[in-house]
Amino acid sequence: MHEQFNFLIEFLGTISFSMSGSFAAMQKRLDPLGVMIIAFITSVGGGTIRDLLLDVPVFWMHDLWMCSLIFITSVFAMIFKSIEKNFKVTLFLFDSFGLGLFTIIGIQKGMTAELHPVICLTLGTITGVFGGILRDILLNRIPLIFRKEIYATACIVGGSVFLLLIYYSTLTYTFVQVSTIILIVLIRTLAVKYHWQIPKFYDNIRHGK
C-alpha cells in the first residue's frame, strides 16, 4: 500500500514539475526542444542531486517511464498553451504542488537510508527546490529560493511537521503524507497571497558601509 501511494506521489510530483518547467520555458519563448529540456531538468534536478549525495543510482537513469512521462507532459503543456493564457498562475500552482510532493519523497529517501531526521529534512528540501533552482538559472532568472517569496521555508516547515507526526503521532502514514503535502502548498499559497517574507536584518545597511 505504502509503495503504491509513494509511486503516486512521485508520479504526480513529476507531472507537476514538468508542467512548471514547461510553462516557465514557454514564458521565455523557448522552442519545443528547449521546453522539453527545461521540463526534464526541473523534474529530475533535485532528485538527481539527492541520489548523488546518498551515493545511490540516479533514479531516472534506470526508469524509462519517468523520462517518457516528462516528455508526454511537456508536449501536453505546449498544446495546453493555446487554451491557458495565464502562465503566472498556472506556473505557480504546478510549482507549489511539485514542491510539496517532492519534499516528502526526499524525506522518505533519507528515512529509508536510516539517516538523522535533520539530514532527511535537508534531503527533502534539496529534492523540492533544486529542480526549480536549475530551471531558473538556465532561464536567466533569479531562483525563487533567493527571492522574497517563502519557498524553501515551506519545505522545511512542512517537512518538520511530517517527521514529527511520523515519529510522535498515531496517525496513519498515508494521512501524514497527504496532510503535509497540502500544508506545504498552503504555506506557499498564503505566503504569496499575503506577501509573507522572512525579515532581512540588512535592509537598513547603506551601500559602502
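You'll find the structure just up there.
Residues numbered from 1 in each chain as written. Predicted model: local features only at pLDDT ≥ 70, side-chain atom pairs only at ≥ 80, totals over all residues. Heavy atoms only, no water.

**A look at the side chain of Ser 18**
And then number 1: Here Ser 18 is to be found in helix α1 (residues 2-27).
And then number 2: In this structure Ser 18 comes out as buried when scored by relative accessible area, which is 0%.
And then number 3: Excluding its chain neighbours within four sequence positions, the residues that come into contact with Ser 18 are Ala 39, Ser 43, Ile 70, Thr 73 and Ser 74. (Helix = DSSP H or I, 4+ residues; strand = E, 2+ residues; numbered from the N terminus. Buried < 20%, exposed > 50% of the residue type's maximum accessible area, 1.4 Å probe, protein only. Contact = heavy atoms within 4.5 Å.)

**Some remarks on the state of the cysteines**
And then number 1: Counted under the stated rule, the structure contains zero disulfides.
And then number 2: Of all cysteine sulfurs, the one in Cys 120 lies closest to Cys 155, which takes part in no disulfide; the gap is 15 Å.
And then number 3: When its relative accessible area of 0% is taken as the criterion, Cys 155 is described as buried. (Disulfide = S-S within 2.5 Å.)

**Comments concerning empty space enclosed by the protein**
In this approach a probe as big as a water molecule rolls over the atoms, and the regions it shows empty are the leftover space.
And then number 1: Inspection of every chain in the model, using the stated rule, returns one cavity of 30 Å³ or more.
And then number 2: By volume, the largest cavity is sized at about 50 Å³.
And then number 3: What lines the largest cavity is Glu 10, Thr 14, Ser 43, Gly 47, Arg 50, Phe 59, Met 66, Phe 102, Ile 105 and Thr 127.
And then number 4: Elements that contribute at least two residues to the lining of the largest cavity include exactly α1, α2 (32-54) and α4 (87-112).
And then number 5: Ranked by the residues each element gives to the lining of the largest cavity, the list is headed by α2, at three residues.
And then number 6: Partitioning the lining of the largest cavity into residue classes produces four nonpolar, four polar and two charged. (1 Å grid on protein atoms, 1.4 Å probe; cavity = no way out; pocket = protein on both sides within 12 Å on 5 of 7 lines; lining within 4 Å. Points joined across faces, edges and corners; volume = space filled by probe spheres on them. Nonpolar A, V, L, I, M, F, W, Y, C, P; charged D, E, K, R; others polar.)

**Some details on the environment of Gly 159**
And then number 1: Position of Gly 159 among the secondary structure elements: in helix α6 (residues 152-168).
And then number 2: As a C-alpha pair, Gly 159 and Val 178 span 19 residues in sequence and 12 Å in three-dimensional space.
And then number 3: When sequence neighbours within four positions are dropped, the list of residues in contact with Gly 159 reads Ile 107, Leu 121 and Ile 184.

**Some points on unusual backbone geometry**
And then number 1: Its identity is not glycine, yet Glu 114 carries a phi of approximately 60°, on the positive side.
And then number 2: Tracing the backbone through its elements, the reader meets Glu 114 in the loop between α4 and α5 (117-138).
And then number 3: In the Ramachandran plot, Asn 140 falls in the positive-phi region, its phi being about 60° despite a non-glycine side chain.
And then number 4: By secondary structure assignment, the location of Asn 140 is in the loop between α5 and α6.
And then number 5: Given the relative accessible area of 71%, Asn 140 is considered exposed.

**Digging into α2**
Spacing of three or four residues puts side chains on the same side of an α-helix, whose turn is 3.6 residues.
And then number 1: In a regular helix each residue adds 1.5 Å, so 23 residues correspond to 33 Å; α2 covers 33 Å between its end C-alpha atoms and thus fits that length.
And then number 2: Maximum bend of α2: about 45°, positioned at Val 44.
And then number 3: Two residues or fewer past α2, Asp 55 is found with a positive phi of approximately 55°. (Expected span 1.5 Å × (residues − 1). Bend = angle between axes of the 7 residues up to and from the residue.)

Such coordinate-based values are descriptive only and should not be taken to indicate function.
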